[in-house]
Amino acid sequence: TNFKTIHINLLAASLNFDSITIQYQPNQSIKSKHQIFFKNVAINGINFFKLIGGNNFSASSCKTINGKISLDKYLLNSNDSLPANILSQAHISFKNISFGHIEITNTDVFETNGKSQKALLNSNISVNDVTLSNIDSSFSKDDFHFSTINCELNKINYDLPGYHSVQIKKVLLNSKDS
């Protein structure tokens, strides 16, 4: 994880990261990697009382803008999956993380293949009451919870095996309406 600058405001209980990059490269001998970039990440309403114990991080919101997610085609096509202990390997110093609201705005997703990249979609995602528990142990589906999700996917362009592709102008998903 890299970032250009971090702005800390103790009175507002907020952190702002500029130009943050997160990479996942499962095999250091192969150049293939997934990468996430956000121009800005703002975490607001940090609960400092939960930080004192050192096990819990809690904030009212996490908002990102102008993101770019690059998914490596080689890694997507391999029969590899994320290891169950990926979060413990990330050396996160908290056992539990919670946000009242997470908003991911104007994020482009690309498939990369060497130096070329192909746009897959643009997204806006909003998730409420997010909790990630037991970070220091093997990941389980029971460790991730949220109450509602709203998702807008635009300009979907995905190649199917062979010579077919799927192109969709807009998809709206809302867990409240289900």
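Just so we're clear, the structure is a prediction, and the values are computed from it rather than from any experiment. (Residues numbered from 1 in each chain as written. Predicted model: local features only at pLDDT ≥ 70, side-chain atom pairs only at ≥ 80, totals over all residues. Heavy atoms only, no water.)

1. Topic: unusual backbone geometry
For clarity, the threshold we go by: Per the convention used, a helix needs a DSSP run of H or I reaching at least four residues, while a strand needs a run of E reaching at least two, with both numbered from the N terminus.
Its identity is not glycine, yet D129 carries a phi of approximately 55 degrees, on the positive side. With respect to the secondary-structure elements, D129 resides in strand β6 (residues 116-132).

2. Focus: a nonpolar patch on the surface
The condition that has to hold: Residues enter a patch when their relative accessible area is above 30% and they make no salt bridge; the linking distance is 9 Å between like charges and 5 Å between nonpolar side chains (Val, Leu, Ile, Met, Phe, Trp, Tyr). For every accessible area listed, the method is Shrake-Rupley and the probe measures 1.4 Å; residues are considered covered only by the protein chains on display. Whenever a carboxyl oxygen of Asp or Glu lies within 4 Å of a side-chain nitrogen of Lys or Arg, that contact is scored as a salt bridge. Exposure is judged per residue with a 1.4 Å probe applied to protein chains only, and the accessible area is read against the type maximum: over 50% gives exposed, under 20% gives buried, and values in between give partly exposed.
Together, F3, I6, I8, L10 and F48 make up an exposed nonpolar region whose accessible area comes to about 490 Å². Looking at where F48 falls in the secondary structure, it is placed in helix α1 (residues 48-52). We classify F48 as partly exposed; its relative accessible area is 35%.

3. With respect to the packing of aromatic side chains
Rules: Here a Phe, Tyr or Trp ring, Trp counted by its six-membered ring, pairs with any other such ring whose centre lies within 6.5 Å, and the pair is stacked when the planes are under 30 degrees apart, edge-to-face when over 60, and tilted otherwise. Note on geometry: a ring has a charge over it if NZ (lysine) or CZ (arginine) is within 6 Å of the ring centre and within 35 degrees of the ring normal.
On inspection of all chains with the given rule, the structure shows 2 aromatic pairs. On the numbers, 5.8 Å between centres and 55 degrees between planes, the contact of F144 with F146 is tilted. The class for F146 is partly exposed, based on a relative accessible area of 38%. In this arrangement the basic side chain of K68 is found over the ring face of F110, its NZ or CZ atom lying 5.3 Å from the centre.

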